[in-house]
Amino acid sequence: MDSDQYSLNIRFCEICAGFLSKSGKDSVPSLTRVLDTIASDLAKDGDMRIRMGSGKPSIWPSHHQLWNFLADYPSADADVVELRILVMSIARFTRNIVAGVAANQQNAFGVEPALRRVLHLYSSWSAFQITDSFPATRMAVQALSNIVTTNEDLTSRLWNTYLTLPEEQVILIRLLGSPDHKTILSLLVLMVNCIHGSSERCSLLTKTRGGARICITLLDRVVLLYDAEESTDGAKAFDYGYHLFAHLFDGGFAPDLYNSLSVEGEVIAQHQTTLLKLLDSYLQSSQICRIHCDMCPMLSEIFLSLSSYSQSAITRAISPTNSEPLNGSIEHLQELDLLLPKTCEALVLVTQCIVKISLLSEDQRTVDPSALDLGATFRDASSTDGQGTAESIIELLRLLDAFLPRVYFGKPVIDPTTDRSIPSSIAGSNGFSYLKRDLVRLVGVLCHRDKTFQDRIRVCGGITVIMNMCVVDERNPYLREHAILALRNLLDGNMENQDVVNSIQPSGYWDEAGILREKVGVTLR
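Just so we're clear, the structure is a prediction, and the values are computed from it rather than from any experiment.

A few words now on the environment of arginine 92. On the secondary structure map, arginine 92 appears in helix H5 (residues 81-98). Expressed as a C-alpha distance, the spacing of arginine 92 and alanine 43, which sit 49 residues apart in the sequence, is 9.6 Å. Those residues within four positions of arginine 92 in sequence are excluded, and the remaining contacts are Asp36, Ala39, Val87 and Met139. In terms of polar contacts, arginine 92 uses its side chain to reach the side chain of aspartate 36, at 3.1 Å.

In structure tokens:
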């Protein structure tokens, strides 16, 4: 053995022994000074990491004792300056000596319980109020990350442990609450490295109760990081958070994760909506692949469930009471479902996902006619009560047309023949924006060159519904254009649908005073 290396190991062991025997504040500077010097050299020299980790006398017993000392530190508090300094130095040394050296990682893994206790202390609410504690927390997270990164055995052991701990002991959840974006970034690097290339670890994250709690906390954090300025640590943390969920989508775990986020008694949970936003973004930037095929049944089920709920909620809202005549006029809402806006918001996201997959599939079939038609999965789907996709879309559009007035030049446009629309001050726009437009677009995509779906739209009265969407609506940009395209696709090669349109004649006209007048002798055939 190299004499210099032998003396370095001796020096490390002696300084640790001297510190642990004194365990006083006066000995902290001497220990940290030596550790920081060695750590700096280790960061630059990979061979030195190997030699020091395997050299004699072994550094690992002293290394373990240091971490146990930190975990059992008297009067442990994140506000103790000496403790923060010690954590910084010992964690930096650990981070650097294990980097990329499997044998060192194996030897250092024994400190994980003590390291976890230190991170538990530094992830408390009181620690988060002390900004001076953030560097120590961040360094400890990086040390933990380097101990397991690229080491499959250690990564699995760590992941299995963390996802089976009681919730209050799961430091992943606690650390995700840190106000320090650099700490969040370091933590997400660890989490992405843990699930990368492992279906088993992805499965634990998406299917277990502990995994669901971690994902819920992470989704909350991603929402908060969304508005971070470009190139900041917050923006980088958001990118890593998105990257983690993209890994899960790539592995086909979207259905499992969506189900894990459900809340009993609610048609859609807040975190499921956030997940759908990430899934929508993922699909918009992806190409057709096997994963899309796996997502189709899930998206169909979600769409039909949300559509059915929305139909029932709107029907209850606009229907007169049993004691009132059904004259098409209401003076007030009979029942307002407060979950309807959130349901419609999620419905927009699901619709966009379905449209994207269907268009990608159609593009692929143009190149390769033998490719699987993913759009057929959506066209052939039906809800638990037997309502098909075509019928569900048209009925929902019909109800939305009665429930929400279109907005033109900033004012709601009420149908003067029925006056059934809910005032915009009550219905509001939150959650309802783009819904009509995207549903009409979905009709146009699914009926393209598919006569069976075209016929189903006609049979359920959908042609007139789509024609009624050929209007300007500021709540639904380009609604008219999408409706015209959908109508074109409905009529393409379908004589029965063309006859329906040809049979429709204007039944009224607008006079100079802006009043709708009925044309004499004109009927709707």
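Moving on from the coordinates now.
We now examine unusual backbone geometry. Put simply, lysine 56 and proline 57 share a cis peptide bond, and its omega is -10°. Note on placement: proline 57 falls in the loop between helix H3 (46-54) and helix H4 (60-71). Here the phi dihedral of threonine 150 falls at roughly 70°; this positive angle occurs in a residue that is not glycine. Secondary-structure assignment places threonine 150 in the loop between helix H9 (134-148) and helix H10 (152-162). Non-glycine residue tyrosine 478 carries a positive phi angle of around 65°. As for its position among the elements, tyrosine 478 is in the loop between helix H25 (462-467) and helix H26 (479-491).

What the rule picks out here adds up to six aromatic pairs. An angle of 20° between the planes, with centres 4.9 Å apart, marks the rings of phenylalanine 12 and phenylalanine 93 as stacked. One end of the pair, phenylalanine 12, is in helix H1 (residues 3-22); the other, phenylalanine 93, is in helix H5, and 81 residues separate them in sequence. Each member of the pair phenylalanine 12 and phenylalanine 93 is classed as buried. When the ring of phenylalanine 69 is compared with that of tyrosine 73, the centres are 5.5 Å apart and the planes differ by 85°; the resulting orientation is edge-to-face. Residue classification places phenylalanine 69 among the buried residues on the basis of a relative accessible area of 15%. An aromatic cluster is built from Phe19, Phe69 and Tyr73, whose rings are joined through pairwise contacts.

It is worth spelling out helix H21 (residues 389-403) at this point. At 3.6 residues per turn, the α-helix brings residues three or four places apart onto the same side. With 15 residues, H21 should reach 21 Å at 1.5 Å per residue; the first-to-last C-alpha distance of 21 Å fits that figure. With respect to burial, H21 is a largely interior element, eleven of its 15 residues being buried.

Here we take up the packing of H21 against helix H24 (residues 451-459). A pair of packed helices is characterised by two quantities: the angle between their axes and the separation of those axes. Running from amino to carboxyl end, H21 crosses H24 at an angle of 40°, the nearest separation of the two axes being 9 Å. One element, H21, and the other, H24, form an angle in the oblique class. Our pair here, H21 against H24, has a crossing hand that is right-handed. Listed contacts from H24 to Thr389, Ala390, Glu391 and Ile394 of H21 are Phe453, Arg456 and Ile457. Here the residues of the contact of H21 with H24 are counted per class, giving four nonpolar, one polar and two charged.

Our next topic: the pattern of salt bridges. Side chains that differ in charge, positive against negative, can pair when their charged atoms come close. Taken as a whole and judged by the stated rule, the model has 22 salt bridges. Across the salt bridge formed by arginine 437 and aspartate 438, the nearest N and O atoms sit 3.2 Å from each other. For the pair formed by arginine 437 and aspartate 438, the shared burial category is buried. One continuous salt-bridge network, built from bridges that share partners, spans Lys451, Asp455, Arg458 and Glu496.

Reading the values: rules and limits
Residues numbered from 1 in each chain as written. Predicted model: local features only at pLDDT ≥ 70, side-chain atom pairs only at ≥ 80, totals over all residues. Heavy atoms only, no water. Helix = DSSP H or I, 4+ residues; strand = E, 2+ residues; numbered from the N terminus. Contact = heavy atoms within 4.5 Å. Polar contact = N/O pair within 3.5 Å; in protein donor to acceptor, adjacent residues only side chain to side chain. Phe/Tyr/Trp six-rings, centres within 6.5 Å; stacked < 30°, edge-to-face > 60°. Buried < 20%, exposed > 50% of the residue type's maximum accessible area, 1.4 Å probe, protein only. Expected span 1.5 Å × (residues − 1). Axes fitted to C-alpha atoms, helices over the stretch in contact; angles between N-to-C directions. Parallel < 35°, antiparallel > 145°, perpendicular 65-115°, else oblique. Left-handed = near helix turned anticlockwise from the far one by under 90°. Nonpolar A, V, L, I, M, F, W, Y, C, P; charged D, E, K, R; others polar. Salt bridge = Lys/Arg side-chain N within 4 Å of Asp/Glu carboxyl O.

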